[in-house]
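Report on the structure
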Amino acid sequence: MIDFASIAEAARDPLVIIFGLFLFGGVATYLFFKRHPLGRAVVRVIFLILLTIALLQADIVPYQPLALTGSPFRDAVHALLKIAWWLLTAWFLVGVLRAFLVFQRSPREAKLLQDLLAGLIYLAAVFAIITYVFDLPIQGLLATSGVVAIILGLALQSTLGDVFSGIVLSFSRPYRPGDWISIEGGTDGRVIELNWRATYILTARRDLAILPNSTIAKSKIVNVSSPSGLHGTTATVQVDAQTPPSRCSEILEHAIRNSRLIVATPAPTITIKTINASYAEFEIAFFVEELASTVKAQNELFDLIYRHLAAADIDLAASQNGSDHAVADEGRRKSRSGVERLLDLVDIFATFTPEQRGAIAAKLKQRSYDEGETLFEPGSVLQSLFIIGGGVVTFTREGIEGEMELLRLGPGDHFGEIGMLTGAAAIAKISALIPTTVYELAKADLMPILAAQPQVSQELCRALARRQAANQLSASPELDEIIPKHRLTDWFSDRIHRLYNVVNVE
């Protein structure tokens, strides 16, 4: 039977009362400071101090074996208080440890050290409880735990390999979160997280690859973000052998200069790999600012190479099994002038027949500019459509940090439509990045085409919308009010007809 008299007598023990208050305070702390971890930590420290004072006042030393009082209930309470003291002390030491290591310059290594030392502290607290509360011999327990550890080590060999590999990777630091890496086996991407067991990599396809650390530790690792974020890649082009390789290299260099995604330093290189009676093969090595831009830069470069070669009347190499149809197309292409072939690259004239392009080509006026020469100064109102026939044109404006490049245009690109259709002045300086040829189509010659060909108006409308959205060639802050975005096409058509009528009157 339960001896209620002894329990009532034990209840008058100050430690029993403290134990009750301790339980009540723990529940209250959890409820009132659930969303305030700092306040909860302060309360726990106060409890630890009060508990230490109470135990010492009762002649109970936490690091000495528990002395029995003869009352099972009182002995149980004293044991629970000593267990609580050891756990709170371990928690306090771990908190101090984490607060100290958080100021280190290597947060990832500090986190691993925190976890390791915290585990050791809690393990020491468990052994202290077994020794000083339950009065059990620690030697036998350690021997038994050694056997258990061997069994667990064999069972968890793979997991432990990942853990220790994670420790090695954390301290050797072959990569960091945010770096772009390439792992032997075909996994490329940006490191999202490195923890004890695995590394999380976000691939170029926006998939999350989780690789065990032991696998990475045994593989070849290429960190493309170190020592800098620049990433190099290559592209191969085969050009018809009828053009001298030196001329082809020059045009390929122009195409490289046309791309803003390719960095100038380190400088791109063009290497002639093969030359025979059919074609010359060139390998272009270039660098981009980060691995994620590689595909976009390569696609853009191939498009620019096609445009620059076409504008320079240089053919790509034909396939080895070329058909008669391809030969016939080549003959028709050679029968047209260089300006007519240039108009094939202009998007706004994509739906025109060869005869219509020939009529437009007859109205174009050619202008040539040397490298660095200015085509138009800021404030100029362009009253014609300008089509780039060869070379590269750059648009720059003065900013807070000096001259800032806004845009680069190459063969087949056009500019001047904003000033011609809105009367707004250009805010950018337009100059030749390399020797450039530009063809001018006057407003009086363009307006009839726009009025008769709605698809040209729509393409110009899209070009105007893109540049207005980018705010690159917009002449004034009021342009958004002049051209409401939701009625841009209607405004454009109305403006074309009004200008067409003005031109006819003149």
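What you are looking at is a predicted structure, and each value in this text was computed from that prediction instead of being measured.

Quick word on the sheet that holds strand 3 (residues 198–203)
- Pairing within the open sheet is antiparallel, and its five strands lie in the order 4-3-2-1-5. At either margin of the open sheet sits one strand with a lone partner, and together these are strand 4 (208–212) and strand 5 (221–223). Strand-to-strand, the axes of this sheet are offset by a mean angle of 40°, without reference to chain direction.

Looking at the pairing of strand 12 (residues 393–399)
- As defined by bridge partners, strand 12 adjoins strand 13 (residues 402–409) across seven bridges and the pair is classed as antiparallel. When the bridges of strand 13 are listed, E398 appears paired with E403.
- From the end of strand 12 to the start of strand 13, which pair antiparallel, there are two residues.
- Of the pairings in the sheet, the one linking strand 12 to strand 15 (residues 429–432) comprises four bridges and is antiparallel in character. Paired with F395 across the two strands is I430, which belongs to strand 15.

So, the side chain of R307
- Along the chain, the position of R307 falls in helix 10 (residues 294–311).
- Within polar-contact distance, the side chain of R307 engages the backbone oxygen of L345 at 3.1 Å.
- Setting aside its immediate chain neighbours within four residues, R307 contacts L345, D347, P411, G412 and D413.

Describing the pattern of salt bridges
- A full pass over the atoms with the stated rule returns eight salt bridges.
- The closest approach of N and O atoms between R307 and D303, which form a salt bridge, is 3.3 Å. Residue R307 and its partner D303 are both found in helix 10; the two are separated by four residues, about one turn of the helix.
- Using a relative accessible area of 40% as the deciding quantity, one classes D303 as partly exposed.
- Taking the shortest distance from any N to any O, the salt bridge between R367 and E440 comes out at 2.6 Å. A residue pair is termed long-range when its members are at least 10 positions apart, and R367 in strand 9 (residues 365–369) and E440 in strand 16 (residues 436–442) qualify at 73 residues.

About the criteria used
Residues numbered from 1 in each chain as written. Predicted model: local features only at pLDDT ≥ 70, side-chain atom pairs only at ≥ 80, totals over all residues. Heavy atoms only, no water. Pairing = 2+ DSSP bridges. Helix = DSSP H or I, 4+ residues; strand = E, 2+ residues; numbered from the N terminus. Axes fitted to C-alpha atoms, helices over the stretch in contact; angles between N-to-C directions. Polar contact = N/O pair within 3.5 Å; in protein donor to acceptor, adjacent residues only side chain to side chain. Contact = heavy atoms within 4.5 Å. Salt bridge = Lys/Arg side-chain N within 4 Å of Asp/Glu carboxyl O. Buried < 20%, exposed > 50% of the residue type's maximum accessible area, 1.4 Å probe, protein only.

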